[in-house]
Amino acid sequence: MSVQEKIAAPLLDKGFMSGYLEALSLVERLHRLLLDVIKDEFERVGVLEINAVQALLLFNIGENEVTAGELKSRGYYQGSNVSYNLKKLVEMGYMHHQRCEIDRRSVRVRLTEKGRGIRNVVGELFARHADGLEDKGVLGPEGISEITTSLKRMERYWTDQIRYIY
């Protein structure tokens, strides 16, 4: 390594670190912004009894029948929030729940017709946004593929850090 390369290395590291921190901040802001976008859509259509996290939960469950543990293990939701939100969604009639035949402690949930209606509102919102991003030239198929690939690599790296750090 040349003297110039040795001097430039710490500057590159600081640049990378700065970029990494900016990316982390952006991911966090985008998640909060997504929840705000969903909240605004539900205010627009007059659905005020559920919050954005609950609507996103319904969207992600889709046609599946799942347990709270499965949702947590997929990494979509924080543990304490899943149980609370599932309970509220069952109470409000957006989900059916049923004790698991094999493990009576486990409860399986699936969407009701009312829950599928909410899932459809979120799905239509996302479809409009996808069309808008592409139509306005904000992001095309290659760009979204590149972002997704990079985020998946970051997810794998973080997962490996959790699994193998000790």
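A short tour of the structure in this document, coming up.

On to the overall build of the protein chain. Assigned secondary structure in the protein chain consists of six helices and three strands. When the elements of the protein chain are put in sequence order from the N terminus, they spell out α-α-β-α-α-β-β-α-α. Scored against the burial criterion, the 166 residues of the protein chain give a buried share of 21%. Restricting to contacts in the protein chain with at least 6 residues of sequence separation, those with at least 24 account for 53%. Accessible surface computed for the protein chain: about 12,200 Å², of which carbon and sulfur atoms make up 56%.

Another point: a nonpolar patch on the surface. On the surface, a nonpolar cluster with roughly 320 Å² of combined accessible area is contributed by Val 27, Ile 144, Ile 147 and Leu 151. No other element matches the three residues that helix α6 (residues 141-164) contributes to the nonpolar patch.

Overall, the coordinates contain one aromatic pair when judged by the stated rule. The ring of Tyr 94 is capped by Lys 114, whose NZ or CZ atom sits 4.6 Å from the centre of that ring.

This part covers the nonpolar core. By size, the foremost hydrophobic cluster in this structure holds 24 residues, and its most contacted members are Phe 42, Ile 50, Leu 58, Ile 61, Leu 86 and Met 95. Sorting the residues of this core by element identifies α1 (3-45), α2 (52-61), α3 (68-73), α4 (79-91), β3 (107-111) and α5 (113-135) as the ones contributing at least two each. When residues in this core are grouped by element, the largest group, six residues, is from α2. In contact with Met 95, other than residues within four places in its own chain, are Leu 58, Ile 61, Leu 86, Leu 89, Val 90, Val 109, Arg 110, Leu 111 and Thr 112.

We now examine the pairing of β3. Across two bridges, the pairing between strand β1 (residues 66-67) and β3 is antiparallel. Residue pairing for β3: Val 66 is matched across the bridge by Val 109. With five bridges connecting them, strand β2 (residues 95-99) and β3 associate as antiparallel partners. Within the sheet, the bridge partner assigned to Arg 99 lies in β3 and is Val 107.

Analysis parameters
- Residues numbered from 1 in each chain as written.
- Predicted model: local features only at pLDDT ≥ 70, side-chain atom pairs only at ≥ 80, totals over all residues.
- Heavy atoms only, no water.
- Helix = DSSP H or I, 4+ residues; strand = E, 2+ residues; numbered from the N terminus.
- Buried < 20%, exposed > 50% of the residue type's maximum accessible area, 1.4 Å probe, protein only.
- Contact = heavy atoms within 4.5 Å.
- Areas by Shrake-Rupley, 256 points an atom, 1.4 Å probe, with all protein chains shown as cover.
- Patch = residues over 30% accessible without salt bridge, like charges linked within 9 Å, V, L, I, M, F, W, Y side chains within 5 Å.
- Salt bridge = Lys/Arg side-chain N within 4 Å of Asp/Glu carboxyl O.
- Phe/Tyr/Trp six-rings, centres within 6.5 Å; stacked < 30°, edge-to-face > 60°.
- Lys NZ or Arg CZ within 6 Å of the ring centre and 35° of its normal.
- Core = buried A, V, L, I, M, F, W, Y, C linked by side-chain atoms within 4.5 Å.
- Pairing = 2+ DSSP bridges.

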